[in-house]
Amino acid sequence: MKKISILLLLALPLWLAAAEESRTLKGVALPLSLQQDGKNLKLNGMGARTKVVFKVYVAGLYLEKTSSDGLEIAASEQMKRMELFFLRAVDGADVAAAIAGGFEKNAGPALPALKTRMEKFSRLIPDVKKGDRLVFTYRPGAGLEVQAGGKAAGGVEGKDFSDALFKVWLGAEPADKALKTGLLGL
């Protein structure tokens, strides 16, 4: 019994270190950091998107420099990555329409200049099944890349577009206030 206790005490630091390498929400585990184009991105926060009473997806926000200020994050000139892990099947047109609604609530006077790129972005969003992942990565100077199922689906140019997209989740009128709170690590 004494040997087992000693072994457990010796293994505890390794178990704690492994437990701190990721965070889990609604069964979705996200690493606390990841490498993207040679940069270390840290998990700023994560949360679940709820529509009516249904959990739609778990989102994780990765940044070079973490922050608890949503508007500062959206406007920042740093690599940013939003990952959406779907907990249910959703039609791509519905995902795109929900994001477009967030643009309309948060883009303000920039909205007319974004319309054509919003249409292009909407065409990049496929139908998703439970377990699928959509990833939106902003690269300074290069624009926004959309990934679906681990493959590049296309891109949209302009920092202004990326700023407006991140405001969908982090702006003054987010799609889901609890999700925003989670993404900001609050």
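Residues numbered from 1 in each chain as written. Predicted model: local features only at pLDDT ≥ 70, side-chain atom pairs only at ≥ 80, totals over all residues. Heavy atoms only, no water.

## A look at the packing of helix α3 (residues 92-106) against helix α5 (residues 159-170)
Relative to each other, α3 and α5 sit at 100°, their axes nearing to 8 Å. Classified by the angle their axes make, α3 and α5 are roughly perpendicular. Facing I99, G102, F103 and N106 of α3, the residues of α5 in contact are F161, A164, L165, K167, V168 and W169. The residue makeup of the contact of α3 with α5, split by class, is 7 nonpolar, 2 polar and 1 charged. (Axes fitted to C-alpha atoms, helices over the stretch in contact; angles between N-to-C directions. Helix = DSSP H or I, 4+ residues; strand = E, 2+ residues; numbered from the N terminus. Parallel < 35°, antiparallel > 145°, perpendicular 65-115°, else oblique. Contact = heavy atoms within 4.5 Å. Nonpolar A, V, L, I, M, F, W, Y, C, P; charged D, E, K, R; others polar.)

## Thoughts on the confidence of the model for the protein chain
Averaged over every residue, the pLDDT of the protein chain is 90; residues scoring 70 or more account for 89%. In this model residues 4-19 is a low-confidence stretch, pLDDT under 50, and it forms 0 contacts with partners more than four residues away in sequence or in other chains. (pLDDT = per-residue confidence, 0-100.)

## Here's the deal with the pairing of strand β4 (residues 39-51)
Here 4 bridges tie strand β3 (residues 33-36) to β4, and the two strands are oriented antiparallel to one another. What sits directly across from Q35, in β4, is N40. For β4 and strand β5 (residues 54-63), the ladder comprises 9 bridges, and the chain directions are antiparallel. When the bridges of β5 are listed, K51 appears paired with F54. The antiparallel pairing of β4 with β5 creates a hairpin that spans 2 residues between the two strands, and V52 there sits at a positive phi of about 60°. (Pairing = 2+ DSSP bridges.)

## Quick look at a nonpolar patch on the surface
A cluster of nonpolar side chains, namely V52, V53 and F54, defines an oily patch on the protein surface of about 350 Å² accessible area. When you line up the elements, F54 lands in strand β5. On the basis of relative accessibility, which here comes to 45%, the residue F54 falls in the partly exposed class. (Patch = residues over 30% accessible without salt bridge, like charges linked within 9 Å, V, L, I, M, F, W, Y side chains within 5 Å. Areas by Shrake-Rupley, 256 points an atom, 1.4 Å probe, with all protein chains shown as cover. Salt bridge = Lys/Arg side-chain N within 4 Å of Asp/Glu carboxyl O. Buried < 20%, exposed > 50% of the residue type's maximum accessible area, 1.4 Å probe, protein only.)

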